[in-house]
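Examining the three-dimensional arrangement
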Amino acid sequence: MENFDWTSFTKKIAIKAKLSDIYNAWTIASELEKWFLEKVSFFDVNQETIGKDQNVLEGNTYEWFWYLYDDAMLGKITSVNGKNQLQFTFEGTCLVDINLSKKDDYTIVELRHHNIPTDDNSKKHIRLGCSNGWHFYLTNLKSVYEGGLDLRNKEDSLDPMINN
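Each value, and the rule that gives it
Residues numbered from 1 in each chain as written. Predicted model: local features only at pLDDT ≥ 70, side-chain atom pairs only at ≥ 80, totals over all residues. Heavy atoms only, no water. Phe/Tyr/Trp six-rings, centres within 6.5 Å; stacked < 30°, edge-to-face > 60°. Helix = DSSP H or I, 4+ residues; strand = E, 2+ residues; numbered from the N terminus. Buried < 20%, exposed > 50% of the residue type's maximum accessible area, 1.4 Å probe, protein only. Salt bridge = Lys/Arg side-chain N within 4 Å of Asp/Glu carboxyl O.

Focus on the packing of aromatic side chains
For the structure on display, the rule yields 18 aromatic pairs. Consider the rings of Trp35 and Phe36, whose centres lie 5.0 Å apart with planes at 20°: the pair is stacked. Judged by centre distance (5.2 Å) and plane angle (25°), the ring pair of Phe36 and Trp134 falls under stacked. Of this pair, Phe36 sits in the loop between helix H2 (29-35) and strand E2 (39-43) while Trp134 sits in helix H3 (residues 120-147), and the two are 98 residues apart along the sequence. When its relative accessible area of 2% is taken as the criterion, Phe36 is described as buried. Of the aromatic side chains, those joined through ring pairs into one cluster are Trp26, Trp35, Phe36, Tyr62, Trp64, Trp66, Phe88, Phe90, Trp134, Phe136 and Tyr137.

Encoded structure:
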């Protein structure tokens, strides 16, 4: 493990969908709720709630809730370009970059999670845990946008599993 990069990782997936639809999947609250989160709220610089069907802008903040978890994740949109790129904070000071590109009939989603601290807790819960989490959620993004099937566990009578 001596050459293992604890500070970042990258995931890629090809989704047979329009690039604009996948961009919206990352930047519109109602779309994020279809494949990623139970509840999404975005706020402007005055802490006013942004409409559920509006694209986020640079500097907006967020409050995200997952199914079966009570704690909110708070963060900030640090960069968007309105078409194929965004960056947001995640798990404190970590950054997640989303870059979209076209290849034939597919939109390629490249996710880079970086700026991960190297303490043991961050190694375990962010580097390893988030890597597994993003693997599932990118697969769910593909499932929802290609076929409409949401793979998330939303049943609170079941313990958390790999799909939540």
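Section: the pattern of salt bridges
With the rule as written, the count across this model stands at 6 salt bridges. Between Lys34 and Glu31 there is a salt bridge; the shortest N-O distance is 2.9 Å. Taken together, the positions of Lys34 and Glu31, both in helix H2 and 3 residues apart, correspond to about one turn of that helix. Judged by relative accessible area, Lys34 falls into the partly exposed class, the value being 42%. Looking at Glu31, the relative accessible area reads 16%, which means it is buried. Notably, a salt bridge pairs Arg152 with Asp150, separated by 2.6 Å at the nearest N-O pair.

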